[in-house]
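Here's the letter readout for the chains.
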Amino acid sequence: MAVFEAVSENRCFGGVQGVYRHDSAEIGLPMQLAVYRPAVAESDRVPVLFYLSGLTCTEENFTIKAGAQRYAAEHGIMVVAPDTSPRDTGIAGEEDDWAFGTGAGFYLDATAEPWSRHYRMESYITRELPSLILNAFPGDGDRMGVLGHSMGGHGALSLSLKNPGMFKTVSAFAPMNSLMNCEPGVNALTGYLGEDREAWRRNDVVDLIEQGHRCPPILVDQGSVDEFLPNLLPEKLQAACNAAGQPLELRMQEGYDHSYWFVQSFMADHFAHHAATLCR
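None of the values given here were measured: they were computed from a predicted structure.

1. Quick notes on the overall build of the protein chain
Counting secondary structure elements, the protein chain contains 11 helices and 9 strands. Reported as C-alpha extents along the three principal axes, the dimensions of the protein chain are approximately 50 × 40 × 35 Å. Of the contacts made within the protein chain by residues no fewer than 6 positions apart, 71% connect residues no fewer than 24 positions apart. Within the structure as shown, the protein chain displays about 11000 Å² of accessible surface, and the carbon and sulfur contribution to it stands at 48%.

2. Here's the deal with the nonpolar core
In this structure, Leu33, Phe62, Phe106, Ile133, Tyr192, Met267 and Phe271 are the most contacted members of the largest nonpolar core, which totals 89 residues. When residues of this core are assigned to their parent elements, the largest contribution, 7 residues, is made by helix H3 (residues 121-136). Excluding its chain neighbours within four sequence positions, the residues that come into contact with Leu33 are Phe4, Gly18, Val19, Tyr20, His22, Glu59, Val80, Ala81, Pro82, Tyr124, Leu129 and Ile133.

3. Here's the deal with helix H9 (residues 234-244)
Within H9, burial applies to Pro234, Leu237, Ala240 and Cys241. Buried residues of H9, viewed axially, fall in a sector of 125°; they line one side. Pointing more than 90 degrees away from the buried face of H9 are the exposed residues Asn242 and Ala243. In the core, the buried residues of H9 are packed alongside helix H4 (151-162), helix H7 (205-211), strand S8 (218-223), helix H8 (229-232) and strand S9 (248-253). Gly245 occupies a position one or two residues after H9 and carries a positive phi of about 75°.

4. Brief notes about the side chain of Asp83
By secondary structure assignment, the location of Asp83 is in the loop between strand S5 (78-82) and H3. Take Asp83: its relative accessible area is 4%, and that puts it in the buried class. In this structure the side chain of Asp83 is engaged in a polar contact, spanning 2.8 Å, whose partner is the side chain of Arg87. Among all residues touching Asp83, those that are not within four sequence positions of it are Met31, Gln32, Cys57, Thr58, Glu59, Tyr107 and Met121.

5. Thoughts on the packing of aromatic side chains
Counted under the stated rule, the structure contains 16 aromatic pairs. Measuring from ring centre to ring centre gives 6.2 Å for Tyr71 and Phe271, while their planes differ by 40°; the resulting arrangement is tilted. Taken together, the positions of Tyr71 in helix H2 (residues 68-75) and Phe271 in helix H11 (residues 267-278) put the pair 200 residues apart, joining distant regions of the chain. For the pair Trp98 and Phe228, a centre-to-centre distance of 6.3 Å together with 45° between the ring planes defines the contact as tilted. Of this pair, Trp98 sits in the loop between S5 and H3 while Phe228 is found in the loop between S8 and H8, placing the two residues 130 residues apart along the sequence. Joined through ring pairs, the aromatic side chains of Phe100, Trp115, Tyr119 and Tyr192 make up one cluster.

6. Focus on the sheet that holds strand S6 (residues 139-149)
Spatial ordering of the open sheet is given by S1-S2-S3-S5-S4-S6-S7-S8-S9, a layout of 9 strands whose pairing is mixed. Both outer strands of the open sheet, strand S1 (5-12) and S9, are each paired with one neighbouring strand and no more. Going across the sheet, the axis of each strand differs from the next one's by a mean of 20°, ignoring polarity. One ladder, built from 8 bridges, connects strand S2 (residues 15-23) with strand S3 (residues 30-37); its direction is antiparallel. When the bridges of S3 are listed, Asp23 appears paired with Pro30. The strands touched by H2 are S1, S2, S3 and S5; relative to S3, the strand with the most contacts, the crossing angle is about 55°. Packing of H9 onto the sheet brings it into contact with S8 and S9, and relative to S9 it is tilted by some 155°.

7. Describing the pattern of salt bridges
One pass over the structure, following the stated rule, counts 14 salt bridges. With a shortest N-O distance of 3.8 Å, Glu26 and Arg127 are connected by a salt bridge. With Glu26 in the loop between S2 and S3 and Arg127 in helix H3, the pair connects residues that are 101 residues apart, well separated along the chain. Assessed through its relative accessible area of 16%, Glu26 is described here as buried. Judged by relative accessible area, which is 56%, Arg127 ranks as exposed. Taking the shortest distance from any N to any O, the salt bridge between Glu122 and Lys162 comes out at 3.0 Å. One end of the pair, Glu122, is in helix H3; the other, Lys162, is in helix H4, and 40 residues separate them in sequence. We classify Glu122 as buried; its relative accessible area is 17%.

Calculation notes
- The residue count restarts for each chain, going from 1 along the sequence in the order it is written.
- Only residues with pLDDT of at least 70 get local features here, since the model is predicted, and only at 80 or more are side-chain atom pairs given and counted; chain-wide, interface and lining totals rely on the full set of residues.
- Think of the side-chain values as coming from all heavy atoms in the structure, minus any hydrogens and water.
- Strands are runs of DSSP state E lasting at least two residues, helices are runs of H or I lasting at least four, and both sets are numbered from the N terminus onward.
- Note on contacts: a residue pair qualifies if any of its non-hydrogen atoms lie within 4.5 Å across the two residues.
- With residues, only the protein chains shown are counted as cover, and all accessible areas are computed by Shrake-Rupley using a 1.4 Å probe.
- What is meant by a nonpolar core is a set of buried Ala, Val, Leu, Ile, Met, Phe, Trp, Tyr and Cys residues, joined one to another through side-chain atoms within 4.5 Å.
- Each residue is assigned to one of three classes by its accessible area relative to the maximum for its type, calculated with a 1.4 Å probe on protein chains only: buried under 20%, partly exposed between the two thresholds, exposed over 50%.
- This arc is built from the directions going out from the helix axis to the C-beta atoms.
- Throughout this description, a polar contact denotes any pair of N or O atoms lying within 3.5 Å of each other; where both atoms belong to protein, one of them has to be capable of donating a hydrogen while the other can accept it, and for residues adjacent in sequence the pair is counted only when both atoms sit in side chains.
- Two rings belonging to Phe, Tyr or Trp (six-membered ring only in the last case) form a pair when the distance between their centres is within 6.5 Å. Interplanar angles under 30 degrees mark stacking, angles over 60 mark edge-to-face geometry, and anything in between is tilted.
- Strand pairing requires that DSSP identify at least two bridges connecting the strands.
- A fitted line through C-alpha atoms represents every axis, and for helices the fit uses only the stretch in contact; the resulting angles, taken between N-to-C directions, go from 0 to 180 degrees.
- The term salt bridge refers to a side-chain nitrogen of Lys or Arg lying within 4 Å of a carboxyl oxygen of Asp or Glu.

Rendered as structure tokens:
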């Protein structure tokens with residue numbers, strides 16, 4: 001574990017909930033993340049579930065609010081929750097907008113200056129972090145899944161679609177399904193990628209599915225009174241999956257909003273969804 005500096009480690013449901021810091025080659029700056037290791041990881045390699053958080057979050061939101069450790073311990077799954085963006089890059093304006101810059105990396109690789117210097121969250125999540133995790137912790141690289149919430153739901157779906165075979169399972173809570181068709185998404189795509197519409201298409205879940213990209217069967221939970229519903233567009237995801245034959249279970253949850261109260265309410269179902277494949 002030499003590459004990781006332990007910030008904290010606490011016993012939790014028989015396993016260990018840790019927070020770690022490391023120097024990222026892709027980001028070019030230190031990054032922080034949370035890793036939950038179930039008790040069985042003390043003697044065997046275990047499946048790995050990556051959790052991608054939403055706008056304004058750090059690794060802490062999921063770790064303390066989602067109630068996931070109980071289910072990770074039950075199924076014997078390691079959970080890795082990275083931060084949502086680089087921090088303290090020195091880029092002017094990175095703190096000005098809650099939906100762009102700090103806390104809003106959108107799990108893509110920026111190509112527009114000055115963001116391209118550090119905002120490389122796609123390469124960080126798919127190229128750098130898994131190998132570091134598998135070298136430092138007893139995870140099984142053949143049994144990896146991805147789960148996300150909101151912006152992180154976009155990340156979970158898009159990265160699974162763009163990296164076939166990498167993640168054996170995928171699910172999301174209230175994902176942003178079409179960045180090209182909502183204001184926060186367009187702002188992020190413009191800021192990080194400029195006006196290159198083809199690059200936009202490569203970072204839009206619905207467009208990726210329409211282009212022919214496929215991933216494992218998707219589970220999505222969406223609250224019916226989610227205040228961000230006009231930006232999430234679950235109906236576009238459903239239509240694209242229906243037309244393409246991409247397996248999707250979209251569950252509209254009556255009376256639920258966008259908060260972690262919603263997320264923790266259905267976390268057990270998402271772990272069961274991932275465990276059905278990863279823990280065979």
